[in-house]
Amino acid sequence: MTKETQFTPTRRGFLGLAAGAGVLAAAGAGQKAEAQIATTAHIVILGAGAAGAALANRLVGRLDGARITIVDGRKEHWYQPGFSLIAAGLKPANYSVSQTTDWLPRGVELKTEMAANIDPEAKTVALGNGEVLRYDYLIIATGLVLDYDSIDGFEMDMIGKDGVGSLYAGPDYAAKTWAAAGKFAEEGGVGLFTRPNTEMKCAGAPIKHTFLIDDIARRNGARGKAEITYFANNASLFGVPIVSEKIRMVFGDRGINHAYNHVVQSIDAGAKRVTFATPDGPVERDYDYVHIIPPQRAPDVVRNSGLAWADKWTDQGWVDVDKHSLRHNRYPDIFAVGDVAGVPKGKTAASVKWQVPVVEEHLVADIAGTSSTASYNGYTSCPLITRIGRAMLIEFDYNNDLTPSFPGVIAPLEELWISWLMKEVALKATYNAMLRGRA
Amino acid sequence: MKDLTFGTLIAVFEEIFGRGLFWVMVGAAVIITLAYLYVLIRDRSVSWHKFLWAQLSMPFGAIAAVLFVQAMTHSSFADIGGPVDVIVLLGVAVAGAVGAAILVYTVESLLWPKKATDA
């Protein structure tokens, strides 16, 4: 970590940037003063998404001589926090798209294949093209897969047509979602907003989408013709009780209905009807617009490798890691970071930002023959948009404690413009800086 | 935010504006500030005549800065939700006002150097 003087993010800090080039040069020179550790270890990183790319960039700065191989068959890098904005017509699809190779440091070898098999006993990873990599340390950062197949009647090509939206499927699908959601926000009707009954990335996103479409319908003068209902998968609107209550109040303020314990089971796009599984049996609801988020699971290569939890999330297959060190509970030379890690909270880019330095510290300590006390406390953050121009900056940890970064300045449960500014302006920049290993 | 250091802030601003534009803007701010200090030292006094024009430009700078930020962020005055938002809004306005004043004063001083009538 850099050791410069701590700056608070006030205008003073900003003005400080303009104050003198000499200061800036000095700060630049002060970065990454730590000595590199010499090693010949082979580190294999599965996945070049937010977690994989950020970790690769940081390890390159910490290790001298390490062989780092990053495995990812996808050419595009997706800035997923942007999907909510794309699906509300606020940004174009290409806002979230860059190339994987844009973010990888020199000296790291990229294998443009997907991993096909992991053998933790032999310490090998087989790739889709048959190549086998032997590793000393393995970082699993594959992300997760969206299991649309488990919703009966759902086809990906429904997205954007006949009132079906699903912003999670990718930048283009987020834009298609806006085509369907925007029509609903103009014409009104019955809008159903859902979420799956698995762990999911950014549990705030289904709620943000609900609030944004409510606001856009309001701006269009069509809110009076629209009936909007949010369906929670369990008995709360959000995993953190105090936040759940706040959302319930803001829903009330906006005239958004909510229902608990409703999980989408099947969809009949022709009849514009979804069937929910509920404790009282199946419930059918007709819609003019429905937002579907599919169940989310670890990729097959992880689930089939014997690395997943045996007694938790057995239908989802997240990697069996210690929730503080992110080290595998049975194979100490394996870590998991990002969405695929089997920890109770935090499938967000903000979690990645906090997880990556922890894995980095433990890995570097292992290589140096020392130990590290670095610990991930479950921190995650969600700028929960409540309308265009306002958001609540919600941050919390494993204990469901609120952990505001700016206590007394930015209130976590207030709808504020500054929190919106962070989401709109600063978040992508911070994310990009993180990918480069600089934040 | 974790480890919000000066280096992180610079990295974030580089990403917001692009590395090239960010440093051009820093350069422009530094040059204008240096030019401002230069004319102050050169003239050995503040020209109240020029300062009047600089002051008159301040409200326009303030309004322009606020509207620019709102236009760039899909926001409006109705989005002000709490005290910190008012502070941010005023901060943007003050930055715009001060920037406009320094710019106008400096440009005036460079184009029309000190005359006997100024005091």
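Predicted, not measured: the structure shown is a model, and the values here were computed from it.

## Thoughts on the overall build of chain B
Along its length, chain B carries four helices and zero strands. What you see in chain B, going N to C, is helices and strands ordered as α-α-α-α. If you line up chain B on its principal axes, its C-alpha atoms span 55 × 35 × 20 Å. Here chain B holds 119 residues, and the buried ones make up 39% of them. Contacts in chain B between residues far apart in sequence, at least 24 positions, make up 77% of those at least 6 positions apart. Summed over all atoms, the accessible surface of chain B reaches about 6600 Å², with 79% contributed by carbon and sulfur. The positive charge centre, built from 7 side chains, and the negative charge centre, built from 8, are 15 Å apart in chain B.

## What to know about the packing of aromatic side chains
Throughout the structure, instances matching the rule amount to 17 aromatic pairs over all chains. Joined through ring pairs, the aromatic side chains of Tyr36, Trp48, Phe51 and Tyr105 of chain B make up one cluster. Between arginine 74 of chain A and the ring centre of tryptophan 78 of chain A, over which it is positioned, the NZ or CZ distance is 4.1 Å. Its guanidinium or amino end placed over the ring of tryptophan 309 of chain A, lysine 312 of chain A lies 3.8 Å from that ring's centre, counting from NZ or CZ.

## Comments concerning the pattern of salt bridges
Residues and elements named next belong to chain A. Evaluation of the coordinates by the stated rule reveals 23 salt bridges over all chains. Note that arginine 218 and aspartate 214 form a salt bridge whose closest N and O atoms lie 2.7 Å from each other. On the criterion of helical spacing, the pair formed by arginine 218 and aspartate 214 is a turn pair, its members being four residues apart in helix α6 (residues 205–219). For arginine 218, a relative accessible area of 37% corresponds to the partly exposed category. Salt bridges here are not isolated pairs; linked through shared partners, they connect Arg58, Arg62, Glu360 and Glu361.

## Here's the deal with the nonpolar core
If you look at soluble globular proteins, the nonpolar side chains tend to sit buried side by side. All names here are of chain A. Counting residues in each nonpolar core, the largest one holds 122 residues, and the members touching the most others are Ile43, Leu59, Leu138, Ile139, Ile140 and Trp420. At nine residues, the largest contribution of residues to this core is made by helix α9 (residues 349–368). In this structure isoleucine 139 touches Ile43, Val44, Ile45, Leu46, Leu55, Phe335, Val337, Val359 and Leu363, once residues within four positions along its chain are discounted. The next biggest cluster of nonpolar side chains, apart from the first, holds 27 residues, and it includes Ile151, Met200, Tyr287 and Val290.

## Topic: α6 of chain A
All names here are of chain A. When the terminal C-alpha atoms of α6 are compared, their 21 Å separation across 15 residues agrees well with the 21 Å that a helix rising 1.5 Å per residue should span. Buried residues dominate α6, accounting for 13 of its 15 residues. Following α6 by one or two positions, glycine 221 adopts a phi angle in the positive range, close to 75°.

## Concerning the domain arrangement of chain A
All names here are of chain A. Under the domain assignment, chain A is made up of domain 1 (34–73 + 112–144 + 298–378) and domain 2 (148–295). The interface of domain 1 with domain 2 comprises ten residues on the first partner and seven residues on the second. Summed over both partners, the interface of domain 1 with domain 2 comes to about 610 Å²; 56% of that surface belongs to carbon and sulfur atoms. Together, Leu144, Gln316 and Lys347 form the three largest contributors to the area buried by domain 1 at its contact with domain 2, with a combined 51%. At the surface where domain 1 touches domain 2, the tally comes to one salt bridge. The salt bridge partner of lysine 201 is aspartate 339, with a shortest N-O separation of 2.9 Å. Taken together, domain 1 and domain 2 are joined by four residue pairs in polar contact (both at pLDDT 80 or more). Grouping the constituent residues of the side of domain 1 that touches domain 2 by class yields four nonpolar, two polar and four charged.

## Re the pairing of strand β18 (residues 273–277) of chain A
Across a regular strand the side chains alternate sides, sitting on one face of the sheet and then on the other. Residues and elements named next belong to chain A. In terms of strand pairing, strand β17 (residues 263–268) meets β18 through five bridges, oriented antiparallel. Its bridge partner being in β18, valine 263 is matched across the sheet by alanine 277. Hairpin connection of β18 to strand β19 (residues 283–286): five residues between the antiparallel strands, including glycine 281 at a positive phi of 100°.

## Structural notes on the environment of histidine 324 of chain A
Residue and element names in this part refer to chain A. Looking at where histidine 324 falls in the secondary structure, it is placed in the loop between α8 (300–303) and β22 (334–336). Given a relative accessible area of 34%, histidine 324 falls into the partly exposed group. Between the C-alpha atoms of histidine 324 and arginine 436, which are 112 residues apart in sequence, the distance is 24 Å. Apart from the residues lying within four places of it in its own chain, the contact partners of histidine 324 are Val358, Ala374, Ser375, Tyr376 and Tyr398.

## Observations concerning the sheet that holds β17 of chain A
Residue and element names in this part refer to chain A. Pairing is antiparallel in the open sheet, where three strands are placed in the order β17-β18-β19. Unpaired on one side and paired on the other, β17 and β19 mark the two borders of the sheet. On average, adjacent strands in this sheet sit at an angle of 30° to one another, irrespective of strand direction.

## Details of the environment of glutamate 360 of chain A
All names here are of chain A. Along the polypeptide, glutamate 360 turns up in helix α9. C-alpha separation for the pair glutamate 360 and alanine 175, spaced 185 residues apart in sequence, amounts to 36 Å. For glutamate 360, the residues in contact, after removing those within four places along its chain, are Leu55, Arg58, Leu59 and Arg62. There is a polar contact of 2.8 Å between the side chain of glutamate 360 and the side chain of arginine 62.

## Examining helix α3 (residues 48–72) of chain B
All names here are of chain B. Its 25 residues place the ends of α3 35 Å apart at the C-alpha level, agreeing with the 36 Å of an ideal helix rising 1.5 Å per residue. Along its length, α3 shows its largest kink, about 30°, at methionine 58, and proline proline 59 lies within four residues downstream of that point. Turning to α3, its buried residues are Lys50, Ala54, Ser57, Gly61, Ala62, Ala65, Val66 and Gln70. Considering only its buried residues, α3 is in contact with α4 (83–111). In the stretch just after α3, histidine 74 is the one whose phi turns positive, near 50°.

Cut-off values and rules
Residues numbered from 1 in each chain as written. Chains lettered and ligands numbered in written order. Predicted model: local features only at pLDDT ≥ 70, side-chain atom pairs only at ≥ 80, totals over all residues. Heavy atoms only, no water. Helix = DSSP H or I, 4+ residues; strand = E, 2+ residues; numbered from the N terminus. Buried < 20%, exposed > 50% of the residue type's maximum accessible area, 1.4 Å probe, protein only. Contact = heavy atoms within 4.5 Å. Areas by Shrake-Rupley, 256 points an atom, 1.4 Å probe, with all protein chains shown as cover. Lys, Arg positive; Asp, Glu negative; His and termini not counted. Charge placed at Lys NZ, Arg CZ, Asp CG, Glu CD. Phe/Tyr/Trp six-rings, centres within 6.5 Å; stacked < 30°, edge-to-face > 60°. Lys NZ or Arg CZ within 6 Å of the ring centre and 35° of its normal. Salt bridge = Lys/Arg side-chain N within 4 Å of Asp/Glu carboxyl O. Core = buried A, V, L, I, M, F, W, Y, C linked by side-chain atoms within 4.5 Å. Expected span 1.5 Å × (residues − 1). Domains from an automatic or database assignment. Buried area = accessible area lost by both parts, 1.4 Å probe. Polar contact = N/O pair within 3.5 Å; in protein donor to acceptor, adjacent residues only side chain to side chain. Nonpolar A, V, L, I, M, F, W, Y, C, P; charged D, E, K, R; others polar. Pairing = 2+ DSSP bridges. Axes fitted to C-alpha atoms, helices over the stretch in contact; angles between N-to-C directions. Bend = angle between axes of the 7 residues up to and from the residue.

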